Amino acid sequence: AGHRGMVGSAIVRQLEARRAAGEAIEIITRTHAELDLKDQAAVRHFMQTEQPDAVILAAARVGGIKANNNFPAEFIYDNLMIEANVIHQAFAAGVKKLLFLGSSCIYPRNAAQPMAEDALLTGTLEPTNEPYAIAKIAGIKLCESYNRQYADTHGIDYRSVMPTNLYGPGDNFHPEHSHVLPALIRRFHEAAEANAPSVTLWGTGQPRREFLHVDDMAAASLFVLNLPRDVYQANTQPMLSHINVGTGEDLTIRELADIIAETVGFSGEILTDPTQPDGTPRKLLNVSRLTNMGWTAKIGLREGIEQTYRWYLEIESNLRV
């Protein structure tokens, strides 16, 4: 679910590569026009008809600070409906394996850094994305609750992964509704083209963020989905079963801006606007749980930004044509 999104499309690419290498994999997808995941009856019909062996739930309404602030009702309603329908109807159709993709914004605004999985529900959420975070927490608890009630009787094994900030091919570069890294790529690119004297960052530029390339996230998702049950259970708890996915490293927004400016060839001044919100002061994940199970990120930030910028140039060129 969500195969056209940034994460979903990356997962599909990796599954297609494995299929091309000889694995017996059938990939089942539907566009939003073909299947509205907020429609319970439609999702039930799809699950009962297709009878998938495993479900990867990467579909969600997503956006940056501004989008979360402007559309809180849509962010909580759409995500709750998608999760409830897909997870319950997967169970009703006898699906044994399911992977739910969440977000690092589930953790309290002032959680101790780096944020470990057991920080969940220990404090107040960041107000700018609270509705989205609550929906994602509900998705984790749906998976856990179905496992607790039906794992022994129905053999289900529903898992959750919580990625840090993601970026890469397929990202959203909308000038108002995108996340910080793609938004900065677009702004610095346009500023470089226009020979603008400066670019102004929202906020102080001091908040620290961690960034994970979407291809690494796809690899981690399939790694967790395919972990032997005993390994997964040995590293989680029935009511604390989600797994953080990240690099374990962060940097300030200003430092990120410097890398992006260098990548796109912008040589003007970088300013900040402290009247705009910063969001959470720091968001760094503790990824020791995943590392202990044998997975670490492979793509460095500078390399990933360069690759993402090349992809952006390709789509921008196509839009101009």
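This structure is a prediction, so every number in the text was calculated from the model and none was measured. All chains use their own residue numbering, which begins from 1 and follows the written sequence. In keeping with the model being predicted, local features are shown solely for residues with a pLDDT of at least 70 and side-chain atom pairs are shown and tallied solely at 80 or more, while totals for entire chains, interfaces and linings include all residues. Each side-chain value is worked out from all heavy atoms of the structure, with water and hydrogens disregarded.

**Q** Tell me about the overall build of the protein, and name the residues and values.
**A** By definition, any uninterrupted DSSP run of H or I lasting at least four residues is a helix, any uninterrupted run of E lasting at least two residues is a strand, and each is numbered from the N terminus. Helix and strand content of the protein: 11 helices and 11 strands. We take the radius of gyration over the C-alpha atoms and set the globule estimate at 2.2 Å times the residue count to the 0.38 power. Against the 2.2 N^0.38 benchmark of 20 Å for 321 residues, the protein shows a C-alpha radius of gyration of 20 Å, consistent with a compact globule. Principal-axis analysis of the C-alpha atoms places the extent of the protein at approximately 65 × 45 × 40 Å. Categorising residues by exposure relies on relative accessible area from a 1.4 Å probe, with only protein chains included: less than 20% of the type maximum marks a residue as buried, more than 50% marks it as exposed, and the intermediate range marks it as partly exposed. Across the 321 residues that make up the protein, the buried fraction comes to 48%.

**Q** Describe the nonpolar core, and please don't skip the residues or the numbers.
**A** Side-chain atoms within 4.5 Å link the members of a nonpolar core, which is a set of buried Ala, Val, Leu, Ile, Met, Phe, Trp, Tyr and Cys residues. Ranked by internal contacts, the top residues of the largest apolar core, which has 38 residues, are Met 47, Val 86, Leu 98 and Tyr 158. Put simply, the parts of the chain that give this core at least two residues each are helix H2 (40–50), strand E1 (54–57), helix H4 (72–92), strand E2 (97–101), helix H5 (130–154) and strand E3 (157–163). Should any heavy atoms of two residues lie within 4.5 Å, those residues are counted as being in contact. Once you skip the residues sitting within four places of it in the chain, Met 47 turns out to touch Pro 52, Val 55, Val 86, Gln 89, Ala 90 and Ala 93.

**Q** Talk me through the environment of Ala 257; I want residue IDs and the actual numbers.
**A** Residue placement: Ala 257 occurs in helix H9 (residues 253–264). Ala 257 sits 58 residues away from Val 199 along the chain, and the two C-alpha atoms are 9.6 Å apart. Ala 257 has contacts with Leu 184, Phe 188, Leu 201 and Ile 270, leaving out every residue within four places of it along the chain.

**Q** Could you give an account of the side chain of Thr 128, naming the residues involved and the relevant values?
**A** Tracing the chain through its elements places Thr 128 in the loop between E2 and H5. Polar contact criterion, stated in full: a pair of N or O atoms within 3.5 Å, where within protein one must be able to donate a hydrogen and the other to accept it, and residues adjacent in sequence count only if both atoms are side-chain atoms. Polar contacts involving the side chain of Thr 128 include one to the side chain of Glu 126, which spans 2.6 Å. If we ignore the near neighbours within four places in the chain, the residues touching Thr 128 are Ile 65, Asn 68 and Asn 69.

**Q** Any chance you could break down the pattern of salt bridges for me, citing the residues and the numbers?
**A** Salt bridges are identified by distance alone: a Lys or Arg side-chain nitrogen within 4 Å of an Asp or Glu carboxyl oxygen. Enumeration over the complete set of coordinates arrives at 13 salt bridges. We note a salt bridge from Arg 30 to Glu 50, for which the minimum N-O separation is 2.6 Å. Pair noted here: Arg 30 is in the loop between helix H1 (6–20) and H2 and Glu 50 is in helix H2, with a separation of 20 residues, a long-range link. On the basis of relative accessible area, Arg 30 is assigned to the partly exposed category, the value being 33%.

**Q** Tell me about the environment of Asn 292, and name the residues and values.
**A** Here Asn 292 lies in helix H10 (residues 288–292). Linking Asn 292 and Asn 235, residues 57 residues apart in sequence, is a C-alpha distance of 8.4 Å.

**Q** I'd love a proper account of unusual backbone geometry, names of residues and values included.
**A** Residue Pro 114 follows Gln 113 across a cis peptide bond; omega there is -10 degrees. Topologically, Pro 114 is positioned in the loop between E2 and H5. Backbone geometry at Gln 51 places phi at a positive 50 degrees, although glycine is not the residue there. Mapping Gln 51 onto the fold places it in the loop between H2 and E1. When its relative accessible area of 41% is taken as the criterion, Gln 51 is described as partly exposed. Even without a glycine there, the phi angle at Leu 121 is positive, about 65 degrees. Within the secondary structure, Leu 121 sits in the loop between E2 and H5. On the accessibility criterion, Leu 121 (59% relative accessible area) is exposed.

**Q** Mind laying out the sheet that holds E2, listing which residues take part and the relevant values?
**A** Paired strands are those between which DSSP finds at least two bridges. Judged by pairing direction, the sheet is parallel, and its 4 strands sit side by side in the order E1-E2-E3-E8 without closing on themselves. The open sheet has two edge strands, E1 and strand E8 (243–245), and neither has a second partner. When the angles between neighbouring strand axes are averaged without regard to direction, this sheet yields 20 degrees. For E2 and E3, the ladder comprises 5 bridges, and the chain directions are parallel. When the bridges of E3 are listed, Leu 98 appears paired with Tyr 158. Angles here are taken between N-to-C directions and fall from 0 to 180 degrees, while the axes themselves are lines fitted to C-alpha atoms, restricted in helices to the stretch in contact. Contacts between helix H7 (residues 214–225) and the sheet are confined to E1, E2, E3 and E8, with E2 contributing the most and set at about 145 degrees to the helix.

**Q** Describe the sheet that holds strand E6 (residues 208–209), with residues and values.
**A** Ordered in space as E9-E6-E11, the 3 strands form an open sheet in which the pairing is mixed. Strands with a single pairing partner mark the edges of an open sheet, and in this sheet they are strand E9 (251–252) and strand E11 (282–283). As paired elements, E6 and E11 share 2 bridges and run parallel to each other. Considered in E11, the bridge of Arg 209 is made with Lys 283.

**Q** Account for the pairing of E2, with residues named and values stated.
**A** Taking burial as the measure, the 5 residues of E2 include 4 buried ones, the bulk of the element. In this structure, E1 lies alongside E2, joined through 4 bridges in parallel fashion. Within E2, the position partnered with Ile 56 by the bridge is Leu 99. Between the parallel pair E2 and E3, the chain is carried across by H5, and the sense of this crossover is right-handed. Assignment of crossover handedness uses the view with strands pointing away from the viewer, where a clockwise path from the first strand over the helix to the second indicates a right-handed crossover.

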